Amino acid sequence: MEKTEIAKNFFIPMPVVLVGTQVNGRANFMAVGWCARVNGNPPMIACGINNDHATPGGITATGTFSVNMPSRALLEKTDYCGIVSGKTTDKSRVFDVFYGSTKTAPMIRECPVALECRLVQAVPLPTHTLFIGEIAGAYADTSVIKDGKPDFPVIDPLLLTMPDNRYWTLGEHAGDAWSAGKSLKLS
Ligand SMILES: Cc1cc2nc3c(=O)[nH]c(=O)nc-3n(C[C@H](O)[C@H](O)[C@H](O)COP(=O)(O)O)c2cc1C
């Protein structure tokens, strides 16, 4: 297939989360696309966050942060948290906040799933810091649990594509992971 060179800001579609911290003693939330699971046991998550944002100071000061998964219904509020900074705007009242075992990582009651994390490592990069956190607690609305597990069609998460900067929702269930490829195994 013929290839053409494209801009390097292209990336795979990513889930959009709201990272929660305490900034100046108040809950603060920012939209984050650059977030991934990075360790199995113990479970760890990493977020790439620009050093100019209010959030890095909050994570460093408390050693904790939260990762909240908004559903489609929270699209506008999520985008708002990605446009305005806690440095100049109080975002503590955008959502109903609750705390878990860390006591300092604010989580969002309206989000169907929320994770609280303890900071494990902060890796400095040229413009961003990669904050790696161990998941200390995971909470889900009972209404999204099906057969004992969170059910993604009910969670209705938001996805982000770049560089077109658009939000998407889940499409069809296309197959089962760690399973669909078995038919190609030789024996
Ligand atoms: C959809 C979306 C995704 C974003 N993803 C990131 C990200 O992964 N890392 C980052 O540093 N900023 C990201 N931003 C920008 C921050 O959310 C934004 O600058 C925010 O105002 C920072 O808030 P704070 O200063 O209160 O921490 C994103 C913004 C949007 C709208």
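Quick look at the structure, then. (Residues numbered from 1 in each chain as written. Predicted model: local features only at pLDDT ≥ 70, side-chain atom pairs only at ≥ 80, totals over all residues. Heavy atoms only, no water.)

A short note on the overall build of the protein chain
Keep this limit in mind: Note on conventions: DSSP H or I runs of at least 4 residues are helices, E runs of at least 2 residues are strands, and numbering of each starts at the N terminus. Whether two residues touch is decided by their heavy atoms; if any such pair falls within 4.5 Å, the residues are in contact. With residues, only the protein chains shown are counted as cover, and all accessible areas are computed by Shrake-Rupley using a 1.4 Å probe. Counted charges follow a simple rule, with Lys and Arg positive, Asp and Glu negative, and His plus the chain ends left uncounted. Throughout, a charge is located at the NZ atom of Lys, the CZ atom of Arg, the CG atom of Asp or the CD atom of Glu.
Check the secondary structure of the protein chain and you find three helices and 14 strands. Long-range contacts, defined here as pairs at least 24 residues apart, represent 59% of the contacts in the protein chain between residues at least 6 apart. Counting only carbon and sulfur atoms, one obtains 56% of the accessible surface of the protein chain, whose full area is about 11,500 Å². Averaging the locations of the 17 positively and 17 negatively charged side chains of the protein chain gives two centres separated by 5 Å.

Section: the site of the ligand
Selection rule: One heavy atom suffices: a residue is near a molecule or strand as soon as one of its heavy atoms comes within 4 Å of it. In the analysis that follows, any N or O atom pair within 3.5 Å is treated as a polar contact, provided that within protein one partner can donate a hydrogen and the other can accept it, and provided that, for residues neighboring in sequence, both atoms belong to side chains. Residues are grouped as follows: Ala, Val, Leu, Ile, Met, Phe, Trp, Tyr, Cys and Pro are nonpolar; Asp, Glu, Lys and Arg are charged; every other residue, Gly included, is polar.
The environment of the ligand is made up of 23 residues, and the closest members are Ala31, Asn50, Thr55, Ser85 and Gly86. Between the ligand and Ala31 there is a distance of 2.8 Å, counted from an oxygen atom to a backbone nitrogen or oxygen. For the ligand, whose free accessible area comes to 650 Å², the fraction covered by protein is 86%. Going through the elements one at a time, strand 3 (26-32), strand 5 (44-50) and helix 2 (75-81) are the ones with two or more residues in the shell around the ligand. The biggest single contributor to the shell around the ligand is strand 3, with four residues. Of the residues belonging to the shell around the ligand, the class tally is 11 nonpolar, 10 polar and two charged.

Notes on helix 1 (residues 55-62)
We apply this condition: When a residue's accessible area, from a 1.4 Å probe over protein chains only, is under 20% of the maximum for its type it is buried; when over 50% it is exposed; and in between it is partly exposed. This arc is taken over the directions from the axis of the helix to the C-beta atoms.
Within the sequence span of helix 1, burial applies to Thr55, Pro56, Gly58 and Ile59. For helix 1, the buried positions fall inside an angular range of 165° around the axis, keeping them on one side. Facing away from the buried surface of helix 1 by more than 90 degrees, the exposed residues are Thr60 and Ala61. Residues of helix 1 that are buried in the fold lie against strand 2 (17-23), strand 3, strand 5, strand 6 (64-69), strand 9 (113-124) and strand 10 (128-140). Remark: Gly63 follows helix 1 within two positions and exhibits a positive phi of approximately 70°.

With respect to the pairing of strand 4 (residues 35-39)
Here is the rule we go by: Should DSSP find at least two bridges between two strands, the strands are taken to pair.
Here strand 4 runs beside strand 5; their pairing, made up of four bridges, is antiparallel. Bridging from a neighbouring strand, Ala36 pairs with Ala46 of strand 5.

Focus on the nonpolar core
Filter applied, for reference: By nonpolar core is meant a set of buried Ala, Val, Leu, Ile, Met, Phe, Trp, Tyr and Cys residues that side-chain atoms within 4.5 Å join together.
Ranked by internal contacts, the top residues of the largest apolar core, which has 18 residues, are Val19, Val32, Cys47, Ile49, Phe65 and Val67. Elements with a minimum of two residues in this core: strand 2, strand 3, strand 5, strand 6, strand 9 and strand 10. Not counting the four nearest positions on each side in its chain, Val67 is found in contact with Val17, Leu18, Cys35, Ile45, Cys47, Val113, Ala114, Leu115 and Cys117. With nine residues, the next largest nonpolar core counts Leu74, Cys81, Phe95 and Cys111 among its residues.

Observations concerning the packing of aromatic side chains
Selection rule: Stacked, edge-to-face and tilted are the three classes for Phe, Tyr and Trp ring pairs, Trp counted by its six-membered ring, which pair at centre distances within 6.5 Å; planes under 30 degrees apart are stacked, over 60 edge-to-face, the rest tilted.
Applying the stated criterion across every chain, the model contains two aromatic pairs. The interplanar angle of 90° and the centroid separation of 5.7 Å between the aromatic rings of Phe29 and Phe95 together place this pair among those described as edge-to-face. Taken together, the residues Phe29 in strand 3 and Phe95 in the loop between helix 2 and strand 7 (97-98) connect sequence positions 66 residues apart. Take Phe29: its relative accessible area is 0%, and that puts it in the buried class. Ring plane angle 90° and centroid distance 5.8 Å describe the contact between Phe98 and Tyr139, whose orientation is recorded as edge-to-face. You can see Phe98 sitting in strand 7 and its partner Tyr139 sitting in strand 10, a full 41 residues away along the chain. The class of Phe98 is buried, set by a relative accessible area of 15%.

That's the geometry; what it means functionally is another story.
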